[in-house]
Amino acid sequence: MIDAFWSLIITPWALQSDTLLRAALLAMAAGLLGELAWRALRWPRLVGYTIVGTALALANRGASGHEPALRLAIDGALALLLFEAGARLNLRWLARNPWLLATSVAESALAGLAVWWVLRSFGLAPEVAAPLAIIASAVSPAVLQRVVGELHAAGQVTERLLALSALNTLYAVLAINLFSAGMLLSDPHTWLEALSPVLFSFCGSILVGAALGEGLALIARRFDLREDNAMVLLLAAVFLALVVAKSAQMSALLVPLLAGIWLRNRTERPWVWPRHFGSAGGVLVMVMFVAVASAWRLDALPAVIGIAAALVLTRTVAKAIAVVALSQPSGLGVTQSICLSMALLPMSGTVWVLGLDFAARHPAAGAQLMPILLAMVALLELAAPLVVMLCLRMAGEIDVQGRGNAK
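Attention here is on the structure that accompanies the text. (Residues numbered from 1 in each chain as written. Predicted model: local features only at pLDDT ≥ 70, side-chain atom pairs only at ≥ 80, totals over all residues. Heavy atoms only, no water.)

### So, the overall build of the chain
Alright, step 1. From N to C terminus, the chain includes 19 helices and zero strands.
Alright, step 2. Out of the 407 residues belonging to the chain, those deemed buried represent 53%.
Alright, step 3. The long-range share in the chain, meaning contacts at least 24 apart out of those at least 6 apart in sequence, stands at 81%.
Alright, step 4. Summing over all exposed atoms, the chain offers an accessible surface of approximately 18,200 Å²; the carbon and sulfur share of this is 69%. (Helix = DSSP H or I, 4+ residues; strand = E, 2+ residues; numbered from the N terminus. Buried < 20%, exposed > 50% of the residue type's maximum accessible area, 1.4 Å probe, protein only. Contact = heavy atoms within 4.5 Å. Areas by Shrake-Rupley, 256 points an atom, 1.4 Å probe, with all protein chains shown as cover.)

Below you can see the structure in the form of structure tokens.
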């Protein structure tokens, strides 16, 4: 009896990975460090979140990505961020400037092919090199949206940066799902049973995404988005679509991204959304950044750090070559194109979730893929936001105090 009573007192205060106390302390630390980075250095707040996650990784207390509550928070944060990314992608702009679309395809394809070549030169099997190359071609919309939003950046480089990140994320999500399906369909023992789920997942993701876009358009027409009730409806609609997608084995990344694209391009009217759908979404985004920064393991780093560094360098150079080569026909100056290409650096929550989902479907390949992917994320998670900030400043789209350029 005494032991049971004592357990009731102690358990809520235990600093274990699944306790409310630990979550509260981590959120407080991340929030304080984020504000310190912003107020003292004018750095994006996510730098502070990343420092907390890195400290967890160094202490071997990082996230694995398989914790149910944490994965739900990450999926929710990514749903909001990817919807925002899609809602800023104007397909009419791409139609008017096809060289921008060509730049998007070229930088994604060249980065993927270059990463593939490096991985094969290190002796990795095609079933590991191919998905890792696909995932590495994506740029994190989450990091870019956070940096751009906090610094109030505006201009050609900013708009192209957000458009390219949304597009190459779309390419990566589609390609990795097709590759995963191909691995199942190519096996004579699994292709027949895999065919129906593959088709259902792809078609269902498109339909649910379109339905979400239409639902949010209806909410936006009927309610003032500045009101709390409207924000609750927006959040509820996104999360409902997320639950449907996950329950039906659809892509939880593709649905919100397509919903945003559908909504943005079904009308000429520009939609203005509360950033991250208000404070609740902001908390989820903070949790995601802390978790991603903590996901790598210190004991696994030495074996893969060399490969990861080579891949980061290869990916950066490949994207830069494509962007700079097509800068003139797409209407961008040389300095602007260099800034744009270097800002295509971040890898964060989206690539982590893509890797986790692929590893869950293909454990043998995933066991080799995930340590390299997490090492790449570890190398970029802290540096990438600062590089993006410096590139936008060099492009003249934010001022030295981090406030928006009035041009």
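### Some words on the packing of aromatic side chains
Alright, step 1. Tallied over the full model, the rule gives one aromatic pair.
Alright, step 2. A ring pair is formed by F179 and F358, whose centres lie 6.2 Å apart and whose planes are at 35°; its orientation type is tilted. One end of the pair, F179, is in helix α9 (residues 156-185); the other, F358, is in helix α17 (residues 349-361), and 179 residues separate them in sequence.
Alright, step 3. A relative accessible area of 24% places F179 in the partly exposed class.
Alright, step 4. What makes F358 buried here is its relative accessible area of 0%. (Phe/Tyr/Trp six-rings, centres within 6.5 Å; stacked < 30°, edge-to-face > 60°.)

### A look at the pattern of salt bridges
Alright, step 1. Using the criterion set out here, one finds ten salt bridges in the structure.
Alright, step 2. Linking R45 and E150 is a salt bridge whose minimum nitrogen-to-oxygen distance equals 3.5 Å. Separated by 105 residues along the polypeptide, R45 in the loop between α2 (20-41) and α3 (46-58) and E150 in helix α8 (residues 141-151) bring together distant segments of the chain. Comparing R45 with E150 shows no difference in burial state: the two are buried.
Alright, step 3. With a closest N to O distance of 2.8 Å, K246 and D75 form a salt bridge. Pair noted here: K246 is in helix α11 (residues 228-247) and D75 is in helix α4 (residues 68-87), with a separation of 171 residues, a long-range link.
Alright, step 4. We classify D75 as buried; its relative accessible area is 2%. (Salt bridge = Lys/Arg side-chain N within 4 Å of Asp/Glu carboxyl O.)

### A short note on the packing of α4 against helix α12 (residues 254-265)
Alright, step 1. Packing of α4 against α12 brings their axes to within 7 Å, and their N-to-C directions diverge by 30°. The pairing of α4 with α12 is recorded here as roughly parallel in orientation. When you trace α4 past α12, the crossing you get is right-handed. Where α4 abuts α12, its residues A79, L82, F83, A85, G86 and A87 lie against P256, L257, A259, G260, I261, L263 and R264. (Axes fitted to C-alpha atoms, helices over the stretch in contact; angles between N-to-C directions. Parallel < 35°, antiparallel > 145°, perpendicular 65-115°, else oblique. Left-handed = near helix turned anticlockwise from the far one by under 90°.)

### Here's the deal with the side chain of S251
Alright, step 1. In this fold, S251 is placed in the loop between α11 and α12.
Alright, step 2. Once residues within four sequence positions are removed from consideration, S251 is found in contact with V173, N177, S201, S205 and A245.

### A word on unusual backbone geometry
Alright, step 1. Located in the positive-phi region is N60, a residue other than glycine, with phi close to 60°.
Alright, step 2. For N60, the position within the fold is in the loop between α3 and α4.
Alright, step 3. If you check the backbone angles, Q249 has positive phi at about 60° while not being a glycine.
Alright, step 4. When you line up the elements, Q249 lands in the loop between α11 and α12.
Alright, step 5. Residue Q249 is classed as exposed on the basis of its relative accessible area, which comes to 61%.

### Thoughts on the nonpolar core
Alright, step 1. Counting residues in each nonpolar core, the largest one holds 126 residues, and the members touching the most others are L216, M288, L311 and W352.
Alright, step 2. Those residues in contact with L311 that sit more than four places away from it in its chain are V115, V118, L119, L132, I372 and M376. (Core = buried A, V, L, I, M, F, W, Y, C linked by side-chain atoms within 4.5 Å.)

### A look at the state of the cysteines
Alright, step 1. In total, this model carries zero disulfides according to the counting rule given.
Alright, step 2. As a non-bridged cysteine, C339 has C391 as the owner of its nearest cysteine sulfur, 5.5 Å distant.
Alright, step 3. For C339, a relative accessible area of 2% translates into the label buried. (Disulfide = S-S within 2.5 Å.)

### Things to note about helix α18 (residues 363-381)
Alright, step 1. Under the 1.5 Å per step criterion, the end-to-end length of α18 is 25 Å for 19 residues, consistent within 8% with the ideal 27 Å.
Alright, step 2. Listing the buried residues of α18 in full gives A365, G366, L369, M370, I372, L373, L374, A375, M376, V377, L380 and E381. (Expected span 1.5 Å × (residues − 1).)

### Brief notes about the environment of L178
Alright, step 1. Within the fold, L178 resides in helix α9.
Alright, step 2. L178 sits in the exposed class, given a relative accessible area of 58%.
Alright, step 3. Taking the C-alpha atoms as reference points, L178 and F202, separated by 24 residues in sequence, lie 9.1 Å from one another.

### Observations concerning the environment of F289
Alright, step 1. In this fold, F289 is placed in helix α13 (residues 279-293).
Alright, step 2. Residues F289 and L46, 243 residues apart in the sequence, show an inter-C-alpha distance of 7.0 Å.
Alright, step 3. Other than its neighbours up to four places away in sequence, F289 contacts L46, Y49, A142, V143, R146, S348 and E381.

### Looking at the side chain of S348
Alright, step 1. By secondary structure assignment, the location of S348 is in the loop between α16 (334-343) and α17.
Alright, step 2. Beyond its immediate stretch of four places on either side in the chain, S348 contacts S140, V143, F289, V292 and E381.

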